[in-house]
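Chain by chain, the residues:
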Amino acid sequence: MLTKFETKSNRVKGLSFHTKRPWILASLHSGVIQLWDYRMGTLIDRFDEHDGPVRGVHFHKSQPLFVSGGDDYKIKVWNYKLHRCLFTLLGHLDYIRTVQFHHEYPWIVSASDDQTIRIWNWQSRTCISVLTGHNHYVMCASFHPKEDLVVSASLDQTVRVWDIGALRKKTVSPADDILRLSQMNTDLFGGVDAVVKYVLEGHDRGVNWAAFHPTLPLIVSGADDRQVKLWRMNDTKAWEVDTLRGHMNNVSCVMFHAKQDIIVSNSEDKSIRVWDVTKRTGVQTFRREHDRFWILASHPEMNLLAAGHDSGMIVFKLERERPAFAVSGDSLFYAKDRFLRFYEFSTQRDTQVIPIRRPGSTSLNQSPRTLSYSPTENAVLICSDVDGGSYELYVIPKDSIGRGDSVQEAKRGPGGSAIFVARNRFAVLDKSNNQVLVKNLKNEVVKKSGLPIATDAIFYAGTGNLLCRAEDRVVVFDLQQRLVLGELQTPFVKYVVWSSDMESVALLSKHAIIIASKKLVHQCTLHETIRVKSGAWDDNGVFIYTTLNHLKYCLPNGDSGIIRTLDVPIYLTKVSGNTIFCLDRDGKNKAIVIDATEYIFKLSLLKKRYDHVMSMIRNSQLCGQAMIAYLQQKGFPEVALHFVKDERTRFNLALESGNIQIAVASAKEIDEKDQWYRLGVEALRQGNSGIVEYAYQRTKNFERLSFLYLITGNIEKLSKMLKIAEVKNDVMGQFHNALYLGDVRERVKILENAGHLPLAYITASVHGLQDVAERLATELGDNVPSLPEGKVPSLLMPPAPVMCAGDWPLLRVMRGIFEGGLDNMARGAADEEEAADGDWGEELDIVDVDGLQNGNVTAILEDGEVAEENEEGGWDLEDLELPPEADTPRASVSARSSVFVAPTPGMAVSQIWTQRSSLAAEHAAAGNFDTAMRLLNRQLGIRNFALLKSIFLDLHTGSHTYLRAFSSAPVISLAVERGWNESSSPNVRRPPALVTNLSQLGEKIQAGYKATTSGRFTEALRLFLSILHTIPLIVVESRREVDDVKGLIITVKEYVLGLKMELRRRENRDNTVRQQELAAYFTHCNLQMPHLRLALQNAMNVCFKGKNYATAGNFARRLLETNPIVESQAKQARQVLQATERNPTDASELNYDFRNPFVICGATYVPIYRGQKDVSCPYCSSRFVPPQEGQLCSVCDLALVGADASGLLCSPSQIR
C-alpha cells in the first residue's frame, strides 16, 4: 500500500474523488464537508451547513456540483465554484446514509434510515421515485455504471437490485398522449417506475454495503456478520458465488477495483483487506492502530483509492505504476505485462524480448521494481519485492530481440537491490549484514565488501563504484579500494539519474532534487511542492524532470522553470534535442516535442555564450514579464531592454543598465516629473552634465540647476539664473545665485531690499565696500552692529573656475555585449567570437566620450591603469565648432595622415605579474585581490580573508611607487620590481618587490618566544598569529627555504594552540578538573625546551593542588627527564615526586591518558587518541574532531577544516 496523502480530522463518513482534478471530498461526523487537493496536500474549501453528521457525499461527473446527505434529513446540492449550497431536497424522514449522482441522467439516488430509497431529479429539484421494500435502515444505494439498475443494502439482512428501466423511459420520452395518460394513472395509483428485480439473502446480520462490478454481472456485499459475499446475476436470477471470510468485526464498505481483479473491503476491525476475485482468497491486509474504517472510494479514472476512518482519511495506491526500465545508449529495456521489452529511440521500434515468468503471486507489488542492463554481455537484472526482495538475472540470446518467444530459466537470489558494476559483475545488497556481494554471471559470489553506512539501497555510480543510500545521506563507494569517494546529506533519495558523461548526478527524493558532481560535491537543491516523478539530462547539461503534473527544467545554477503541463504522470527515459522520450503508467513509449528556447536562452546567459544569446534574441519569440524579470534579477537589464516596448519599463531598464540615450527617449515619451528627476540623478552619476541640465530644466528645478552651473564653472548661465530668480521674486534663490557668483554688491543689495540692514552692513564692511557701509550706517543710526575685534574675517567667495568643463567621466559605463550587437546585425563572426570570450563587458571598458575623433577607444582602455586614471579627470574634450567642410570621413588607418594617432599602450606590469605567477602574494601585489584569494582558497583552503586585508593592501602599495608630474596631470604609478639592478634588461619584467620576507618572520618568532618565557601570553599569541597570517603571502627563492617556511607553520601552530589552551585555563578558575586537563594538554604541545619545562612545572603544580597526585608525579618525572638547568625547578620536581610516591592516587578522573599517544583538537581542546577519526586544517594542519569539518579553523582563523587544498605554494622553484 502506497500512501499518497493523509488527513487528520473528525471521523470521515463519506468520500468522493473528482473525475478530472486532484480533489477529494470528505464528509465528517462533525457536519463539515472538506475539499482537499490530495496532490498538493492542502485544504481548498470547507462547507458547513449540515446540522449533524454528513454520511454521504458525491461529485458530479461533469458539472461543478456535488451532493451531500446528512443526519438532518436533508440532501444538499452544492456548486463548488460558487462556494455555496444551491438548494436542499426534503422528503426523507430519517438519517440519510448515502447519496450518488447518476452518470448520465440528472438524477440523485439516496438511501435513508426511513427504510426507503429515493431518486431525485436535481434539475427540476423534485423526488421522481420512492423505492420501498426494505424493512430496516437502508445503509447504501447506488446506480449501476451502465445498466438501468440500482443496488441497495439494508440492516434487514438483504441486498436488493431494483430495475429502473421504466423510470428512464418515462424521463426520456413522455411524448404521446397515451403514455402521458398512463403516466398520470401511475402517479395517482402508485408507480411501477422501479421494481425489485432480485432480493439477495445470505447474510446473517445487517448488510452495510453493496456494490456493482464496473463491467461484469457481479455484486459484492459486506455485512455485520463480518463476511464479504460475492453474487452473480443474469437476466432472470441472482445467486451467491462465494463468501470471503477474514474480517474480525462489521464490514463497513466493500468495492471492486476498476483496473484489477480484486475486491477491497474495510471494516470496524481497523483493517483494509484486499481479496483476489478469481481465487477468492485474501491477498493483503493493511491495519491501523486505533481507527475503525467506515468508507471506501475509488478514483473513476486513476489507480487511486481512499479510505475514511475515525481520525481522518488516507488516499492510497495498492501497487506502484512506475515501469522498471534501463537506458543504454540508443536503446531502452523495460518490463511490461510479464515481458521484457526493447525500444530503440532513433527508429521508435518497440519489440518483445523475453518473457519474465512470475509464479502466481499471493500478494501485491510483485512487479519489477528496478532493472539494470549490461550492454556487453546483453544481460538484464530485474529486482522486485517478491519474497521480501529478490533479483532475477537473464542473459538475452543475441538473436532473440524481436522474437520474444524463447523461455529461459532465470538465475535468482535474495536482495532487493542489485545492479551491474562492471561488464560481467553485479552487486547485490545484503541488508542484514550491511554488505555488498559481488557476483559473476553464473550467480556465484566473487567478493564481499562491507559498506561504510547503513545502506538500504544501492545504485550505479560508474564502473566499480556504488552509490549507497541511507535514510539521510548518500555515499559513493569504490568497491576495489573500499574507499568512500564522496558523501552528501540529502532527504531520502528515491531515484538516481547520471548525466551521459557521468560528471553530474541528480538525486531525486519525494519533494526535492539535489544536483551534485560525481564525487557528490553539492551544486544545487530544488524543492517542489508536488511529488517529483522522474528526470533525464539533456545534451547541454540541463536536467529535465517531471512532477505529477509538470515537465520542468533545472539549470546548473539551480534556476528552474516549467516547460509544459502534463495531463498524466510520465517517466522520462531520454532527452534528445527538442524531443523527450518517456514511458507512461501503462508502459507505453511516447515521444513529446518540447520548446526548449527558454532554458537554452537562460543556459547561454549562464555560460556567457553571448553569440547564442544574440541569435536567439533576433530569431525567437522570447518575451513576457517572467523573462524580463529574470533578466533583471540576473543583472542583464540591457538584454531585457531589447524585448520591451512599454515606455515605462524601457525607462526603468535603461536606467538600470546605464543607457542614458534610451532613458532620455523614454522620458520624452512619458514626460512626467518623476521620470525627469530620476533621469537627472542617473545622468549626474554618469557625469553627463548636458542631460542633467536638460532634466533639471524640464522639471524647473532651479536650485539644482544653479548648483550644477556652479560646479561646472558656468558663470554665464549662473548670471541668467540670478535674473530668473529676480523675475520670480525668489529672494532665497537670488541670494544663493549671488553667493555662487561671488557678487558681493548684489548680495548686499538683496539683503538691503529684504530689510536685513544689519546683515547688509556687516557684509559690506567685511568685504571692504566702504561707501555702501557708510550709507547703511547712516540709515541704521544707533543700531550699527559692532564687528568682533581682533578677528580676521574669512570671505565667502567661491574660487574662480580655471576651465569651464562639459561632461566628466565620473562613472565608466561598461558597454555591454548587446549594445551595438543588435544595432550592427552584420557584425563579423570573428568579432562575435572575441566578444564571447570576455566576461560581460570586462574586455570592452568603453567610455562613451562623444568628442574622441581618432584611434580605437578600446585600445586605450585595455590597460587597467589608464582606466583608473580616467576617473581622476579624463580627457576634457569639447565639441569644436568647426566649419562644415571639416566633417570629412574618418581616414583609414593605413592612409598617411597628419592627425596624431596615440601609440598603442603595452601590457600593464601588473598584468604581466599575474600572467606568469601562481603565487598569491604576487597577485596581491599586482592588485588582483580576487585571483589572490582564489589561489589561497585553492592552495590552502583559506576562506576568512578579513584578517589578510591589511597584508594585501601593504603588498599592493609596497610594490608600486607614485610620481606626480605637475598639478593638473594624473598621478603616474610605477611598478617596483624584485631584484632589480642597473644592469637589468629594460624589456624583461621581474616579479614584484614584496614587503614581507622570511627574515622578518624570524625576528617575530624570537619576540614571541621571549614573550612566552616572560609569561606575556596574550602578546605572544598575537605575535604567533601574525606570523601564521603572513606566511600565506610570503615568497622565498630556494627549496630549502620552502621547507623552512613549512616547518615554521608547524612550530607556530603548536604555540598558538598551547597558548590558547593556557589562556582558556586561566578563564576556567572555577572548574578545577578542566584546569588540570588543559594544563596537562599544554605539556603535549611541541614547544622549545625552556617553555616545555615551564609547562610541565605548571601542570605539576595545578594537579598537585587538585590532589591528583599520581598525575602530578608523572609531570614531575617528565620534568626531571629534561635535566632542568634552573635548580629551583629540579628541587620542586623532586619534592613533588617524593610526596606523590607515598600517596600515588588521583582525587578526580581526568580525560587524559599519557600512555596512549594523542593530538589535541584545536576547537574543543579534547584529546584525539591514536586510531580515532579526525579532520585537519589544510593550512596549519591542526587536528580536529570530525564534527568540526566545514567550520573555520580556530587555530589559524583562516582556513576551513577538512577543505580540499593543493598545499602551500610560496616559491617559483616549486613550479619549475
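Residues numbered from 1 in each chain as written. Predicted model: local features only at pLDDT ≥ 70, side-chain atom pairs only at ≥ 80, totals over all residues. Heavy atoms only, no water.

A. Layout of the overall build of the chain. Per the secondary structure count, the chain includes 30 helices and 61 strands. For the chain, the proportion of its 1216 residues judged to be buried stands at 50%. Counting only carbon and sulfur atoms, one obtains 50% of the accessible surface of the chain, whose full area is about 59,700 Å². (Helix = DSSP H or I, 4+ residues; strand = E, 2+ residues; numbered from the N terminus. Buried < 20%, exposed > 50% of the residue type's maximum accessible area, 1.4 Å probe, protein only. Areas by Shrake-Rupley, 256 points an atom, 1.4 Å probe, with all protein chains shown as cover.)

B. Spotlight on the UniProt feature "repeat: WD" (unreviewed entry) in the chain. Listed under "repeat: WD" (unreviewed entry) in the UniProt record, and renumbered for this structure, are residues 47-88, 89-130, 131-164, 200-241 and 244-285. Each end of residues 131-164 is marked by a C-alpha atom, and these two atoms are 10 Å apart; helix forms 0% of the span and strand 59%. (UniProt positions renumbered as here; feature names shortened; annotations may be inferred.)

C. Summary view of helix 13 (residues 731-741). Among all positions in helix 13, only G733, Q734, N737, A738 and Y740 are buried. All buried residues of helix 13 project into a common sector of 160 degrees when viewed along the axis, lining one side. Among the structural elements, helix 11 (702-712), helix 12 (715-727) and helix 14 (744-753) are those in contact with the buried residues of helix 13. One or two steps after helix 13, the chain reaches G742, where phi turns positive at roughly 75 degrees. (Arc of directions from axis to C-beta. Contact = heavy atoms within 4.5 Å.)

D. How the structure looks around empty space enclosed by the protein. All told, the structure shown has four cavities of 30 Å³ or more when counted by the stated rule. The space that makes up the second largest cavity amounts to roughly 50 Å³. Every residue lining the second largest cavity is listed: H257, A258, K259, S298, H299, E301, M302, N303, L304 and L305. Residue composition of the lining of the second largest cavity, grouped by class: four nonpolar, four polar and two charged. (1 Å grid on protein atoms, 1.4 Å probe; cavity = no way out; pocket = protein on both sides within 12 Å on 5 of 7 lines; lining within 4 Å. Points joined across faces, edges and corners; volume = space filled by probe spheres on them. Nonpolar A, V, L, I, M, F, W, Y, C, P; charged D, E, K, R; others polar.)

E. Quick peek at the packing of helix 22 (residues 929-940) against helix 23 (residues 949-958). Contact geometry for helix 22 and helix 23: axes closest at 12 Å, N-to-C directions at 130 degrees. Between helix 22 and helix 23, the interaxial angle falls into the category oblique. Both helix 22 and helix 23 take part in a crossing whose hand is right-handed. Of the residues in helix 23, those in contact with F929, A932, M933 and L936 of helix 22 are F952, L953 and H956. Its residues placed into classes, the contact of helix 22 with helix 23 shows six nonpolar, one polar and no charged. (Axes fitted to C-alpha atoms, helices over the stretch in contact; angles between N-to-C directions. Parallel < 35°, antiparallel > 145°, perpendicular 65-115°, else oblique. Left-handed = near helix turned anticlockwise from the far one by under 90°.)

F. Quick peek at helix 10 (residues 689-698). Within helix 10 the residues assigned to the buried category are S689, I691, V692, E693, A695 and Y696. Structurally, helix 10 contributes buried residues whose contacts are with helix 8 (660-670), helix 9 (673-686), helix 11 and helix 12. Looking one or two places after helix 10, you find K700, whose phi comes out positive at around 55 degrees.

G. Representation of the pairing of strand 32 (residues 349-355) within the structure. One ladder, built from six bridges, connects strand 31 (residues 339-344) with strand 32; its direction is antiparallel. Paired with L340 across the two strands is I354, which belongs to strand 32. Here strand 31 hands over to strand 32 after four residues, with Q348 in that stretch at a positive phi of 60 degrees. (Pairing = 2+ DSSP bridges.)

H. Here's a closer look at the packing of aromatic side chains. Inspection of every chain in the model, using the stated rule, returns 33 aromatic pairs. Judged by centre distance (6.1 Å) and plane angle (75 degrees), the ring pair of F420 and F426 falls under edge-to-face. Look at F420 and you get buried, because its relative accessible area is 5%. By relative accessible area, F426 is classed as buried at 0%. Over the ring of W294 we find K13, and its NZ or CZ is 3.9 Å from the ring centre. For the cation-ring pair, R322 lies above Y495, with the distance from its terminal atom to the ring centre recorded as 3.6 Å. (Phe/Tyr/Trp six-rings, centres within 6.5 Å; stacked < 30°, edge-to-face > 60°. Lys NZ or Arg CZ within 6 Å of the ring centre and 35° of its normal.)

I. Looking closely at the nonpolar core. Core analysis: the biggest nonpolar cluster contains 85 residues, and L936, F1024, Y1179 and C1196 have the highest contact counts within it. Non-local contacts of Y1179, meaning those with residues more than four positions away in its chain, are made with L940, L1028, I1031, P1032, I1049, C1196, L1198 and A1199. One finds L28, C140, V251 and L318 within the second-largest nonpolar core, a separate group that totals 59 residues. (Core = buried A, V, L, I, M, F, W, Y, C linked by side-chain atoms within 4.5 Å.)

J. Spotlight on unusual backbone geometry. The residue Q157 is not glycine, and still its phi comes out positive at about 75 degrees. Its location among the elements puts Q157 in the loop between strand 15 (149-154) and strand 16 (158-163). By relative accessible area, Q157 is classed as partly exposed at 33%.

K. Molecular detail of the pattern of salt bridges. Taken as a whole and assessed by the stated rule, the structure comprises 44 salt bridges. With a shortest N-O distance of 3.1 Å, R685 and E682 are connected by a salt bridge. A residue pair is termed a helical-turn pair when its members lie 3 or 4 positions apart in one helix, as R685 and E682 do in helix 9 at three residues. A relative accessible area of 46% places R685 in the partly exposed class. What emerges from the salt-bridge pattern is a single network uniting E6, K8, R288 and D291. (Salt bridge = Lys/Arg side-chain N within 4 Å of Asp/Glu carboxyl O.)

L. Representation of the side chain of T712 in the model. Mapped onto the elements of the fold, T712 is located in helix 11. Overall, T712 belongs to the buried group, its relative accessible area being 10%. Reaching out from T712, the side chain makes a polar contact with the backbone oxygen of L708 at a distance of 2.8 Å. (Polar contact = N/O pair within 3.5 Å; in protein donor to acceptor, adjacent residues only side chain to side chain.)

M. Quick look at the environment of D148. Of note, D148 is situated in the loop between strand 14 (138-143) and strand 15. Residues D148 and G165 lie 17 residues apart in sequence; the distance between their C-alpha atoms is 5.3 Å. Non-local contacts of D148, meaning those with residues more than four positions away in its chain, are made with W162, D163, I164, G165 and R168. There is a polar contact of 2.6 Å between the side chain of D148 and the side chain of R168.

N. Examining the environment of Q348 more closely. Of note, Q348 is situated in the loop between strand 31 and strand 32. Of the residues examined, Q348 reaches a relative accessible area of 44% and is grouped as partly exposed. C-alpha of Q348 to C-alpha of N589: the two residues are 241 residues apart in sequence and 8.5 Å apart in space. Those residues within four positions of Q348 in sequence are excluded, and the remaining contacts are Y343, F581 and A591.

O. Expanded view of the sheet that holds strand 8 (residues 75-79). The strand order across the open sheet formed by four strands is 6-7-8-9, and the pairing between neighbours is antiparallel. Looking at which strands have only one partner, the edges of the open sheet turn out to be strand 6 (54-59) and strand 9 (84-89). Strand-to-strand twist in this sheet, taken as the mean axis angle between neighbours without regard to direction, amounts to 20 degrees.

P. Examining the sheet that holds strand 21 (residues 238-245) more closely. Pairing is antiparallel across the open sheet formed by four strands, whose spatial order is 18-19-20-21. Taken across any chain shown, the strands that pair with only one partner, and hence form the sheet edges, are strand 18 (207-212) and strand 21. The average undirected angle you get between the axes of adjacent strands in this sheet is 20 degrees.

Q. Focus on the environment of L1087. Looking at the element boundaries, L1087 is found in the loop between helix 27 (1072-1082) and helix 28 (1089-1105). L1087 gets classed as buried once you look at its relative accessible area, which sits at 11%. Separated by 78 residues in sequence, L1087 and Y1009 place their C-alpha atoms 9.8 Å apart. Ignoring anything within four residues of it in the chain, the contact list for L1087 reads E1054, Y1055, F1082, L1092 and A1095.

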